[in-house]
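Summary of structural features
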Amino acid sequence: MRAHPMAGDTVLAVLLGLVDMLLFVADGLAEIAELPPWYIAVPVNIAMVVPLVFRRKSPLWSAYVVLVISVVHATLQLGVSSVAGLAMSIYSVVVYAGRRQGLIFVGAVVVSSAVQLALEQTDELFISVLFLAFGIALCWTLGEFVGARRAYDVEVEARLHLLETERDQATRIAVAEERGRIARELHDVVAHAVSVMVVQADGASYALESNPDLARRALQTISETGRGALGELRRLLDVLRSDDADGEPRVPQPDVHALAELAERMRTAGVPVELETNELGDLPAGVSLGIYRIVQESLTNTLKHAGRGATASVRVHRTGDLVEVLVSDDGAGRVPQLAGSSQRLPGGNGLIGMRERAHVYGGTLDVGPAPSGGWPVRAALPVRLDK
């Protein structure tokens, strides 16, 4: 009915038309009163119910057409559609057109009914007036109730849409901020590599004649550092979105070798951390920094959300050209859910930052609660030395 309102109104109009046709046939067979011929009664009955199909799409047009045809329908005494149609029209105008249009239409109904009662000169005038007043009051009350409920639903839907829009905007802002932060860190990595290249180049120029072997090693270092810097520069250009970070202080960036110090700080903060690493070798500076930040954010979430007595484990292993990171805890952290839905929220800015870091280096990130409890974070970052 809500998805296809005209379909439901069509069914209702057909039912009213069938009732009137059955009453017309029954009265004709019983010869209770003098009835109009069928070629007049049938078109009037059809014309009486057809406007009701459009009562939600065009409530005013439908209501006034019903009012006009109801005069003929009631005069010919062809059934109940005239009364039912006017009642539905009053209700529809109040709900879909508003109180002001509802008052105007009710006034038109009262005038039309008063003229009909005056022309009929019925002996039951009081009962007819009472019935008319009661019907109008009932339809108006139902219209007010449903109209208020409909307005409330529209307001709630608008607010939900606004909240979803704000959440999406907050997510995009967080992504932009995190990418800017990653870009600044990669800027430091590239700046460090260029500094090394400059120093090595100066040393090679001084030792070119006196110590050719030393100069050769310096040139080799320049070549390797330059290739790494070019790879980091490409990633920097991919994630850099603005120059808003100009003027911020530059500090040395940590890497995987600082994980032990990070784990010790977490132990001091009250979270026992077990750290396990294998021979990671010489990782590119950006990849090493990304691994450190993912572990740092994961342990920070453990500290915030895992609860008292929780422990964490960090496992960083390199297998060939792939570094796998697993950070897990045994706490009681859970992802919040939308009311009445099983869909999880996409996570806070920390999760967004970890995901962006993994994607910058072509890696993957898997975050979510474990069935047995706890909150594991799995990341896989390829080690790609750009040639």
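Residues numbered from 1 in each chain as written. Predicted model: local features only at pLDDT ≥ 70, side-chain atom pairs only at ≥ 80, totals over all residues. Heavy atoms only, no water.

Here we take up unusual backbone geometry. One non-glycine residue with positive phi stands out, namely glutamine 77, at about 55 degrees. Mapped onto the secondary structure, glutamine 77 falls in the loop between α3 (59-76) and α4 (81-96). Given a relative accessible area of 61%, glutamine 77 falls into the exposed group. (Helix = DSSP H or I, 4+ residues; strand = E, 2+ residues; numbered from the N terminus. Buried < 20%, exposed > 50% of the residue type's maximum accessible area, 1.4 Å probe, protein only.)

Within strand β5 (residues 377-382), five of the six residues are buried, leaving the element largely enclosed by the surrounding structure. Relative to β5, strand β3 (residues 322-329) is paired through six bridges, and the arrangement is antiparallel. In the strand pairing of β5, valine 327 is matched with valine 377. Bridge count for strand β4 (residues 364-367) against β5 is four bridges, and the pairing is antiparallel. Opposite leucine 365, over in β5, you have alanine 379 as the bridge partner. (Pairing = 2+ DSSP bridges.)

For serine 62, the location among the structural elements is in helix α3. Residue classification places serine 62 among the buried positions, given a relative accessible area of 1%. From its side chain, serine 62 meets the backbone oxygen of proline 51 in a polar contact 2.5 Å long. In this structure, serine 62 is in contact with Pro51, Leu52, Phe54 and Arg55, ignoring residues within four places of it in sequence. (Polar contact = N/O pair within 3.5 Å; in protein donor to acceptor, adjacent residues only side chain to side chain. Contact = heavy atoms within 4.5 Å.)

With respect to the helices, strands and loops of the structure, serine 298 is situated in helix α9 (residues 285-305). Overall, the relative accessible area of 4% leaves serine 298 in the buried class. When neighbours within four sequence positions are excluded, serine 298 is seen to be in contact with Val327, Met354 and Val377.

Membership of the largest hydrophobic core comes to 33 residues, with the highest contact counts inside it found for Val273, Ile291, Val295, Leu299, Val316 and Val325. Secondary-structure elements contributing two or more residues to this core are α8 (259-269), α9, β2 (312-319), β3, α10 (349-360) and β5. Ignoring any residue separated from it by four or fewer positions in sequence, one finds valine 316 in contact with Leu259, Glu276, Thr277, Asn278, Leu280, Ile291, Val295, Val323, Glu324 and Val325. Formed by 21 residues, the second largest nonpolar core is a distinct cluster that contains Met48, Leu52, Val53 and Ile69. (Core = buried A, V, L, I, M, F, W, Y, C linked by side-chain atoms within 4.5 Å.)

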